[in-house]
Amino acid sequence: MCHVIVTCRSMLWTLLSIVAAFGELIAFMSTDWLVGFPRASDAVFGPHGAPTAGEAYRPTLGIYGRCIKLPHLQRGILCGPYAVHFGEIASGFWQATSIFLAAGILLLCAVAFISVFTMCFQSIMKKSIFNVCGLLQGIAGLFLILGLMLYPAGWGSDKVQLYCGPDAAPYRAGLCSMGWAFYTAMGGTVLTFVCAVFSAQAEIATSSDKVQEEIEEGKSLICLL
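Along each chain, numbering runs from 1 in the same order as the chain's sequence is written. Given that the model is predicted, a residue must reach a pLDDT of at least 70 before its local features are reported, and side-chain atom pairs must reach 80 or more before they are shown or counted; all residues, however, enter totals for whole chains, interfaces and linings. Side-chain calculation: all heavy atoms of the structure are included, whereas hydrogens and water are not.

Q: Even after reading the chapter, I still don't get the state of the cysteines, so can you show me in this structure?
A: As used in these notes, a disulfide is a covalent bond between sulfur atoms, one from each of two cysteines. In plain terms, two cysteine sulfur atoms within 2.5 Å form what is called a disulfide here. Per the stated rule, a full pass over the model turns up 2 disulfides. A disulfide bridge connects Cys67 with Cys79, and the sulfur atoms are separated by 1.9 Å. Its S-S torsion of approximately 115° makes the covalent link between Cys67 and Cys79 right-handed. Placement of Cys67 in strand S4 (residues 65–68) and of Cys79 in strand S5 (residues 78–81) is noted, with a sequence separation of 12 residues between them. Once the bonded cysteines of the protein chain are numbered in order along the sequence, the disulfide links fall as 1-2, 3-4. Numbering of helices and strands runs from the N terminus; a helix is a DSSP stretch of H or I covering at least four residues, while a strand is a stretch of E covering at least two.

Q: For this particular structure, what's the right way to read the environment of Ile77?
A: Here Ile77 is to be found in the loop between S4 and S5. The exposure class assigned to Ile77 is partly exposed, which follows from its relative accessible area of 43%. With 20 residues separating them in the primary sequence, Ile77 and Tyr57 have C-alpha atoms 9.1 Å apart. Discounting chain neighbours no more than four positions away, the residues touching Ile77 are Tyr57, Cys67, Ile68 and Lys69. Relative accessibility thresholds used throughout: buried, under 20% of the residue-type maximum; exposed, over 50%; partly exposed, between the two (1.4 Å probe, protein chains only). Any pair of residues with heavy atoms lying within 4.5 Å of one another is described as a contacting pair.

Q: I'm lost on the nonpolar core in this one. Help?
A: Nonpolar side chains tend to gather and get buried jointly when the protein is soluble and globular. Side-chain atoms within 4.5 Å are what join buried Ala, Val, Leu, Ile, Met, Phe, Trp, Tyr and Cys residues into a set we call a nonpolar core. Counting residues in hydrophobic clusters, the biggest one holds 31 residues, and the most contacted among them are Trp33, Leu34, Trp94, Tyr151 and Val160. Looking at this core, the elements with two or more residues in it are helix H1 (8–29), helix H2 (92–115), helix H3 (129–150), helix H4 (158–164) and helix H5 (180–206). No other element matches the 5 residues that H2 contributes to this core. Counting 10 residues, the second largest nonpolar core, distinct from the first, contains Ala20, Ile129, Phe198 and Ala202.

The following block contains the structure:
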């Protein structure tokens, strides 16, 4: 018989797991990892790395995409991938970043999907599904950390220097500032580890004595605070 068990801690863990997965996915797809210094659409860098004066806008550069304003466009910013193939990503460090982030996001999305069904299934192959998911989230968090640590090492690439000036170098962003996507990825990584730890509390909540008592009473829907 299937018992639907809903507790505050298990539902909170499920919600946080979904938020972490979607946050990392949105950040990875965004072009707002680096925000360029304000410049004109046809700006060039002077001898000291400063952009020429003109109608200013701020181009953005992501891991595989960018947003720029082209001279022939009167209005709006053109956004899209600059790398059609994996080998066209700005640097080897960013390629490694893409691999680690993609692996971490894949695990997080799998856990987010599984977490929805933890109300009905609390074990898999005689092991707590919460503990298994917590382990996967911990592994995903390690992948995300590796990706975020390698990302600044790619700031010395030619592509980044076009957006951030000639002073850009590994772990030095030059004229660029960090965009919201980078901070979202960092926040999602922290939240991933929070979920990994909190999964133990979710497991405790769904296997508590009160839950067992209500199962023995024959209840199929169990809701506890």
